Amino acid sequence: MSVSAIRRLILIGLLIAIGIALSIANPSFLTVDNLMTLLQEASLTGIVAIGFTLILITAGIDMSIGAVIAITSMICINFISYTQLPAYIYIPIALAMGCAIGWVNGFFITHFKLPEFIVTLATRGILAGLALIAAVKDSQGFVKNVFIQDEVFLAFGETVGPVYIVTIVFFVLAFCTQFFLKRTRAGTNVYATGANPTAARLSGINTDRTLIGVYMFSGFCAALTSIFLSARMMTAMPEFGIGSEMDVIASVIIGGTPFTGGVGDIWGTVIGTLFLALIKNGILKLGLSPYIQPIVIGGIIVVVVVLDVWYKDFAEKRAARSARQKQMQSKEGV
Amino acid sequence: MNDPRNSDVLLECRGIDKNYNGPMVLSGVDFALTRGEIHALVGENGAGKSTLIKIVTGVTNRNAGSISFDGHDIPQEHSKNAAEKLGIAVIYQELSLIHGMSVAQNIYLTKEPLLSGLPIIDINKMNTMAQEMIDRYGFDLKATDVIDNLPIAQRQTVEILKALSNKASLMIMDEPTSSLTSTESAQLFKIIRLLKSEGISVLYISHRMEEVFALSDRVTVLRDGRKVAVLEKEQISPAEIIRLMIGRILTDNESHHQMVKKDGEVVLEVDKLCSEGKLKDVSFSVRRGEVLGFGGLVGSGRTELMRAIYGIDPFDSGTITYLGKPYVPTVEKSIAGGYGFVPEERRLQGIMGGISITGNIGIANLDTISSKAGFVSGAKELERAQKAIALLNVKPARPEVLVGNLSGGNQQKVVVGKWLIRDLKLLIVDEPTVGVDIGAKEEMYQTIERLSQAGVAVIVVSSDLPELTRLSDRIIVLRKGRVIKEFVEGAVSEEDVLRAASGLVEGGAQ
Amino acid sequence: MKTGTLDWRQLMVDFRLFGILLLMMVGLTLISDRFLTVDNLTNVLWSVCLIGIMTTGAIYAPITGGIDLSVASIAALAGIVANVLMNVYGLHWLLSIVITLLIGVLIGWVNGVVTTKFLVPAFIVTMAAKTYLFGVAMLVSNGDQITIMQPKEFLAIGVSKFLGIPIPIYIMAVLVIVSHILLKHTVFGRQCIAVGANEVSAKLSGVNPDRTRIIVYIISSVTASIAGIVMASLTQQAYAMNATGYEFDVITAIVIGGTSLMGGNGSVTGALIGAVMVGFINNGLNLLDMPSAYHPIATGIVILAALILNQGVSIPKSIQYLLSCFKPASVK
């Protein structure tokens, strides 16, 4: 069995174990309501994490996703407050906005050859500020809590049976993205660009275009999340999504996509997202201080990364040893 | 030109000239390759082989001459993509494969078979197509194997399959066996012959004469940018090829460099050094004032040996004695103890391009320009830099110039210079004159000779045979990580070294 | 890096920066009559002081090709820890400061070890550190804005003056001088620059890149802790959100100062001028009654612009390229 498969099995095992522990510790954990809410939480992070996984596969990073959520939710709320336009007009506009921001990120990264993290940190600042400015304000200039009444928009926060729509969308998107990555040429290009950009270019792949496309998709996913988030809250605040990038990074890393590029898949991310959501839910259900949460998220990133490097080292040494033995044997055979 | 087999000619180059804003690298080279032949291109380093390949594959453009391939005239403004479309493929060592992907994915990258009418990759079809191709050629591969788990030889096979899937009619292989074991090489030769039987031409570049001899239908010999000879199958003999490659009309005195035995005290002694997969029982010693040359082909373990004795890479077994004491090298200890090290790849390992000459020289001399408390004396640092600049005649002689802006020769002078101002006992130089103009080359030789006269032990690693024979008092030839031959005393010629390096020495360690 | 004589290149950059600084001051004076008042300039000074102190240590990470995004959280945590040690455990204020700084060393060491030994990108490690340290700060302070009432000596750090100049200015001045000397005139400084310029070459010349980098993150973390102590004393407050967003101001200051994020060069004096500029930008936004939302926008734009300029990119060419992207005919 491959290293990543074992890793995933361990993760699923842990997921189940934590789940059982939690349901013993607090009976309200194992209720349909709580589980569906947990899934909803996971899905909101997860949709962004899907886009982010593609970014990591190209060995990049996108710190602006949280701010994209903020700005797109502000775009929607402005449309809702000041225009009579129907949802099926402004929602596509908001999604397009997410793509456009991704394009800008990708442009700066590919054209000016600037480090991804600094470009996206800068756009993060710019977008977070713009979101505050764009927020709907009352006459005294304070941010107004607009209650969304547009039914088409609110439908995004509804359920089908017990399952939230966002959860369904999350899984459908995960399936489609995984399919895209593994079964289309463009998806293959994403892996190639991340694994070895020089070789990818030699094989005729336009790596710049691939990168820009990936950042656009990441922006799109963030924008999509903002709509589900606003629909669920029935309002939108300029702080929506700010700081959520750490949740997303943690989810993707738990899922097993490394920073080094060329590797990763969506199902790992889905498991990682569920894992993180479970832990966050557990902190809540165990009545722990909410301040534990950032410690856990930041800590998980460091611990998982360190463990992965350790294990990879170990596995490589073992593989090298067995390869040498094999070679010796074949030499003796000749 | 009036070849009767003209209709069979696949690639024909006529009167190719090339200069990179300087001396002619190729002048008036004619070259023809017929369909389904294995054609070896041989020549010393710098003879123009790589340049010719680059021109044919569209990596660089020629200055004059014409090329036709498969009946198409190739314009002067040639491109890599155009060459590929015509069916010219280069087998890279491992550069163009994507890690994490399967064999089939690599073969069909960017041209994956799709489900009819849909933009969806037909994975089954892709795997079957790849496996069919693999089976047809009888390779020991599975289409679903992930590249990362394959040894280098099999990766090369994947490269070849990739070229085959592109319907390449010409495959160019540049030193394909340099990192293969002998069994793996034999496997590759089988594949090459198979390609030939399929009507595919192979242009083969190698320094290993026995390979050239065993494989080739014809051999073209280049020397100093000119075509010297084309040998037909029956004319090919390793000795003849080597004679043609070296081929200068030399006086007896020049062709046979007199080795001079030096009997100063031993500076460095290496005994039975082993490093898994790289070095096997390497023993040698070098004395004060001696220049010890290391010859051998690329991949023979020369660089690995130098890295091990300098303390960069650990080794598995063996002992090193330095200045009479047992020594376990680390870079810091080596520098403090009087080593100097000029690495093989100047741009990647030697210089810090964004930093001034002073800074580049200072970094290896921090111990001598700083106080015990760790403060650097700017005046001392500048003085050292100026000393090094003067010693080696670096141009421009301005210490504040960024090293990245210097010419190759002057960059190399800086890399060497930072050691010369130290109390040097042993200098290791790996390919000291690659990418260096002729004037700077000569200066480099004089510097090395001056050092040896001053009592420094110098180890020179070089693929440039005239360089090696000119500089060395003694030459050790490595092959596949072992010492295969040591030229100790008396006369040695480039031919002798080349014969040893390319495996034509009888009774070697193998 | 030119040593021994004056560094003309850096001097030119610094001089150019100085010119822009003067222009900014003139501009701000013209825009608002409140700018050139003692009150306002003191305000600017405080924020410059805190950013400046952090910058003196944080600049080493970019010089070696890394980055430290955890400085703000470290500073906030330092203030909280110092307060707890003094007012909960009743330790002497000096001892408390020493322990706080030691904790800073530990945090920096962890950052350094994880980046170097486990080959994790520095921004990820320090971003994660930023997150968990913020959590720790919140946990320790229970999320409260704690007012520090005593000891007087501790509070005096922020407010008392010597020869009419506030103590924090001295602290910053000393750190700037120390940092400048460390970078330009010591073995360690040379090693940092070498590691950032070409790690392999540095290693072959006898530098230990891992050790150098670990020390770099320790320095960064210690100066952030010092800034945190000064801030706690100055504001008489220990609060986990006290320094939120300062890491961007610090990066902006460093980048404005001409230090590239790719490693291999850096200027402490340039970063100091950068810190003053950041102070003026923020102050200007305040004076113009711009909401605080404009602050991250300005910072983001300045970072991008400075980075692009540092790379020597021709602006007209870029605009041309940008336009060509929108032309349907141009197929690249």
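This write-up is about the structure you can find in this document. Note that the structure is a prediction, hence the values are computed from the model and not measured.

**Looking at the overall build of chain B**
Now for step 1: When you go through chain B residue by residue, the secondary structure sums to 19 helices and 22 strands.
Now for step 2: Compactness check: chain B gives a C-alpha radius of gyration of 25 Å against a globular reference of 24 Å for 510 residues, within 12% of the reference.
Now for step 3: Each principal axis of the C-alpha atoms in chain B carries an extent, and together these give about 75 × 55 × 45 Å.
Now for step 4: Per-residue burial over chain B gives 54% buried out of 510 residues.
Now for step 5: Total accessible area on chain B stands at roughly 21,100 Å², and carbon and sulfur atoms take up 50% of it.

**Thoughts on the sheet that holds strand S8 (residues 201-205) of chain B**
Across a sheet, paired strands are connected by hydrogen bonds in the backbone, their directions being either parallel or antiparallel.
Residue and element names in this part refer to chain B.
Now for step 1: Taken in spatial order, the 6 strands make up an open sheet running S6-S7-S8-S3-S9-S10, and their pairing is mixed. Lying at the two open borders of the sheet, with one neighbouring strand each, are strand S6 (88-91) and strand S10 (226-232). Shown here is a sheet whose adjacent strand axes are inclined to one another by a mean of 20 degrees, direction ignored.
Now for step 2: Of the pairings in the sheet, the one linking strand S7 (residues 170-174) to S8 comprises 5 bridges and is parallel in character. Counterpart to Asp174 in the pairing with S8 is Ile205.
Now for step 3: Contacts from helix H8 (residues 238-246) reach strand S3 (38-42), strand S9 (218-223) and S10 within the one sheet, and its direction differs from that of S9 by about 25 degrees.

**Side note on the sheet that holds strand S12 (residues 266-275) of chain B**
Residue and element names in this part refer to chain B.
Now for step 1: Pairing is antiparallel in the open sheet, where 4 strands are placed in the order S13-S12-S15-S16. The open sheet is flanked by strand S13 (279-287) and strand S16 (325-326), the only strands paired with a single partner.
Now for step 2: Bridging between strand S15 (residues 317-322) and S16 involves 2 bridges; their strand directions are antiparallel. Across the sheet, Thr321 pairs through a bridge with Pro326, a residue of S16.

**A few points about the packing of helix H4 (residues 87-111) of chain A against helix H10 (residues 207-233) of chain A**
All names here are of chain A.
Now for step 1: At a closest axis distance of 7 Å, the pairing of H4 and H10 adopts a crossing angle of 145 degrees. In this structure, H4 crosses over H10, and the sense of that crossing is right-handed. Seen from H4, the contacting residues are Ile91, Ala94, Leu95, Gly98, Cys99, Gly102, Trp103, Asn105, Gly106, Phe107, Ile109 and Thr110; seen from H10, they are Asp208, Leu211, Ile212, Tyr215, Met216, Gly219, Phe220, Ala223, Leu224 and Ile227.

**Comments concerning the environment of A:Ile101**
Residue and element names in this part refer to chain A.
Now for step 1: For Ile101, the position within the fold is in helix H4.
Now for step 2: C-alpha separation for the pair Ile101 and Ser218, spaced 117 residues apart in sequence, amounts to 9.4 Å.
Now for step 3: Sequence-distant contacts of Ile101, defined by excluding residues within four places in its chain, comprise Val68, Ile71 and Leu127.

**Describing the state of the cysteines**
Residues and elements named next belong to chain A.
Now for step 1: Summed over the entire model, instances satisfying the criterion amount to 0 disulfides over all chains.
Now for step 2: This cysteine, Cys176, is not joined by any disulfide, and Cys221 carries the nearest cysteine sulfur, 11 Å off.
Now for step 3: With a relative accessible area of 42%, Cys176 lands in the partly exposed category.
Now for step 4: Cys221 forms no disulfide, and the closest cysteine sulfur to it belongs to Cys99, at a distance of 8.9 Å.

Thresholds applied
Residues numbered from 1 in each chain as written. Chains lettered and ligands numbered in written order. Predicted model: local features only at pLDDT ≥ 70, side-chain atom pairs only at ≥ 80, totals over all residues. Heavy atoms only, no water. Helix = DSSP H or I, 4+ residues; strand = E, 2+ residues; numbered from the N terminus. Rg over C-alpha atoms; globule rule 2.2 N^0.38 Å. Buried < 20%, exposed > 50% of the residue type's maximum accessible area, 1.4 Å probe, protein only. Areas by Shrake-Rupley, 256 points an atom, 1.4 Å probe, with all protein chains shown as cover. Pairing = 2+ DSSP bridges. Axes fitted to C-alpha atoms, helices over the stretch in contact; angles between N-to-C directions. Contact = heavy atoms within 4.5 Å. Left-handed = near helix turned anticlockwise from the far one by under 90°. Disulfide = S-S within 2.5 Å.

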